[in-house]
Amino acid sequence: MVFNWFRRKFGGGGEGEEPTETAASPAPEPESATAPPEPEAQKTEGGILNWAKTALQSIQSREPVAVTETATPDAEATPVAEFAPPPQEAPSPEPTDAPETVEAAPIALDEGFLWSAEVLAAQGRRPEEVDLEEITWLQRLRQGLGKTRRGLVHQLRSIVGQGPLGRDAVEEIEMLLLQSDVGVKATDQIIAALQAKIRQETLPADQAIAYLKQILRDTLDAPFQQGYAQDFAPKKGRLNIWLITGVNGVGKTTTIGKLAHIASQSGYRCLIAAADTFRAAATEQVKVWGQRSHVEVIANPGKNTDPAAVVFDAIGAAEARGTELLLVDTAGRLQNKANLMEELKKIRRIIDKKASNATVESLLVLDATLGQNGLRQAQVFAEAAQLTGVILTKLDGTAKGGVALAVVQELGLPIRFVGAGEGIKDLRPFSSFEFVEALLSSDVEVAA
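The rules behind each value
- Residues numbered from 1 in each chain as written.
- Predicted model: local features only at pLDDT ≥ 70, side-chain atom pairs only at ≥ 80, totals over all residues.
- Heavy atoms only, no water.
- Phe/Tyr/Trp six-rings, centres within 6.5 Å; stacked < 30°, edge-to-face > 60°.
- Helix = DSSP H or I, 4+ residues; strand = E, 2+ residues; numbered from the N terminus.
- Buried < 20%, exposed > 50% of the residue type's maximum accessible area, 1.4 Å probe, protein only.
- Lys NZ or Arg CZ within 6 Å of the ring centre and 35° of its normal.
- Patch = residues over 30% accessible without salt bridge, like charges linked within 9 Å, V, L, I, M, F, W, Y side chains within 5 Å.
- Areas by Shrake-Rupley, 256 points an atom, 1.4 Å probe, with all protein chains shown as cover.
- Salt bridge = Lys/Arg side-chain N within 4 Å of Asp/Glu carboxyl O.
- 1 Å grid on protein atoms, 1.4 Å probe; cavity = no way out; pocket = protein on both sides within 12 Å on 5 of 7 lines; lining within 4 Å.
- Points joined across faces, edges and corners; volume = space filled by probe spheres on them.
- Pairing = 2+ DSSP bridges.
- Right-handed = clockwise from strand over helix to strand, strands pointing away.
- Core = buried A, V, L, I, M, F, W, Y, C linked by side-chain atoms within 4.5 Å.
- Contact = heavy atoms within 4.5 Å.

Student: Please clarify how the packing of aromatic side chains should be interpreted in this entry.
Tutor: Inspection of the entire model under this criterion finds four aromatic pairs. With a centroid separation of 5.0 Å and 25° between ring planes, the pair formed by Phe232 and Trp242 is classed as stacked. Of this pair, Phe232 sits in the loop between α13 (205–220) and β1 (240–245) while Trp242 is found in strand β1, placing the two residues ten residues apart along the sequence. Each of the two residues, Phe232 as well as Trp242, counts as buried. When the centroid spacing of 6.0 Å and the interplanar angle of 75° are considered together, the rings of Phe232 and Phe417 count as edge-to-face. With Phe232 in the loop between α13 and β1 and Phe417 in strand β7 (residues 415–419), this pair connects stretches of sequence that are 185 residues apart. Over the ring of Tyr268 we find Lys236, and its NZ or CZ is 4.5 Å from the ring centre. The ring centre of Phe312 lies 4.3 Å from the NZ or CZ of Lys354, which sits over that ring.

Written as structure tokens, this is what we have:
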């Protein structure tokens with residue numbers, strides 16, 4: 001059984017009835033009443049251990065081959081090679097699942113599993129609902145943020161461990177946040193909230209860390225208070241168009257392939273429009289990802305063809321085939337290329353005219369390793385593409401995880417997806433709760 005990420009609830013309850021009604025709410029409060037034993041149980045070492053054991057047993061009962069210790073080395077359990085090349089993957093959906101089994105270490109009740117279990121339990125999830133994909137994704141996200149976490153958490157604990165949080169400690173925290181690419185604007189807001197808190201009461205070390213986590217979650221969720229919906233999934237039974245933008249090198253085309261994989265595995269009829277006609281081999285690249293995700297690609301075989309014409313044809317094909325999600329690849333438009341930005345506006349006009357009844361989202365792919373430079377690119381895209389969200393990629397490398405806070409604060413846009421790896425399953429819907437825990441929690445220590 002394939003896990004449906006569009007129907008996942010971050011706040012508890014597993015997979016919902018309708019994707020549009022159950023997209024993630026990062027905070028655990030709304031669902032906590034439905035599963036009181038788990039959040040309470042996770043507060044003790046024995047409680048989370050029992051929760052994790054139950055989750056592991058449930059996973060093994062549903063996916064015995066994928067989680068047994070012999071699954072990874074067993075040739076029959078992995079029908080294709082690691083990150084299987086397209087020629088080996090084309091005929092059936094099984095190969096798209098294979099990289100997950102190959103990449104993941106044999107599932108064991110180790111520290112990584114326990115940490116992932118506690119993150120899920122803290123959100124009100126029941127152990128019987130947990131899927132192997134959730135466990136492996138959380139481990140991957142935590143690993144991707146490891147560089148930032150190791151520096152940030154250790155220094156934070158050194159600061160708050162000196163005693164109650166005072167003015168000097170707040171200034172040191174401010175420097176740590178700036179060094180982690182949080183950005184000046186977001187740092188100022190976080191520090192102002194901390195200072196307001198310490199004027200009211202003295203904060204011991206553990207409470208200071210917990211309060212800082214809450215501030216970071218509130219910062220990441222701020223766009224939802226400005227009119228953006230927390231629910232983010234294609235609407236079933238109608239055409240949804242996601243315009244994917246970003247400069248060359250940020251992982252835009254790769255991200256489209258991963259989005260197509262999520263959509264097709266979640267039961268959506270999906271199509272890709274190869275409208276990046278300026279970059280050499282861009283169409284071939286997106287076709288490879290289409291093969292990997294088993295999603296058809298609409299492309300024009302000519303060179304330097306009109307991108308808007310490709311989008312026009314793709315919309316017609318989508319409507320004729322009852323497609324529910326059309327992913328539009330666009331050229332990697334540098335902010336100083338005025339003609340390319342105008343082309344992006346033209347594509348948007350075509351979409352608005354030819355698919356006036358479609359639900360349109362315009363998502364900007366940002367490379368987390370670019371830090372503040374990526375934000376300057378984003379500000380130009382926001383005007384041309386009418387952006388509605390951000391996809392943050394490459395958190396598995398040298399990126400400083402604090403850039404996520406800078407993105408939200410500077411652009412006022414919600415982060416919709418986050419990527420932490422090169423595999424087809426290394427892009428997932430964004431959860432502020434899980435992100436902050438992966439950024440600040442050390443060992444098995446998660447906010448209740």
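Student: Please clarify how a nonpolar patch on the surface should be interpreted in this entry.
Tutor: Taken together, Met175, Leu178 and Val184 make up a surface patch of nonpolar side chains, about 270 Å² in accessible area. Note on placement: Leu178 falls in helix α11 (residues 167–179). Among the residues examined, Leu178 registers a relative accessible area of 35% and is labelled partly exposed.

Student: How do you make sense of empty space enclosed by the protein when you look at a structure like this?
Tutor: Sizing a probe to match a water molecule and rolling it over the atoms shows the empty space that remains. For the coordinates displayed, the defined rule picks out five cavities of 30 Å³ or more. A volume near 60 Å³ is recorded for the second largest cavity. Considering the residues around the second largest cavity, the lining is formed by ten residues, among which Phe3, Trp5, Glu133, His261 and Gln265 are closest to the centre. Residue contributions to the lining of the second largest cavity peak at three residues, all from helix α14 (residues 252–265).

Student: Please explain the pairing of strand β2 (residues 270–274) as it appears in this structure.
Tutor: Here β2 lies mainly inside the structure; five of its five residues are buried. Where burial is concerned, the two faces of β2 agree: the one with Cys270, Ile272 and Ala274 and the one with Leu271 and Ala273 are both buried. As paired elements, β2 and strand β4 (residues 325–329) share five bridges and run parallel to each other. Its bridge partner being in β4, Cys270 is matched across the sheet by Leu325. Relative to strand β3 (residues 296–298), β2 runs parallel, the two sharing three bridges. Within β3, the position partnered with Ile272 by the bridge is Val297. At this point the chain moves from β2, through helix α15 (residues 282–293), to the parallel β3, and the crossover so formed is right-handed.

Student: Just to check I follow, could you spell out the pattern of salt bridges for this structure?
Tutor: Where charged atoms from two side chains of opposite charge come close, those side chains can pair. Scanning the entire structure with this criterion turns up 19 salt bridges. With a shortest N-O distance of 3.7 Å, Glu437 and Arg217 are connected by a salt bridge. Here Glu437, found in helix α20 (residues 432–440), pairs with Arg217, found in helix α13; they are 220 residues apart in sequence, far enough to count as distant. The two residues Glu437 and Arg217 agree in class, both being buried. Counted as one network, the salt bridges with shared partners bring together Arg125, Glu129 and Glu134.

Student: Hey, could you run me through the nonpolar core in this one?
Tutor: Most often, soluble globular proteins have nonpolar side chains that are buried together. Ile241 and Trp242 are the most contacted members of the largest nonpolar core, which totals 124 residues. The dominant element in this core, judged by the number of residues it contributes, is helix α8 (residues 111–122), at eight residues. In contact with Ile241, not counting residues within four places along its chain, are Ile315, Leu326, Val328, Ile351, Ala355, Ala358, Thr359, Val360 and Glu361.

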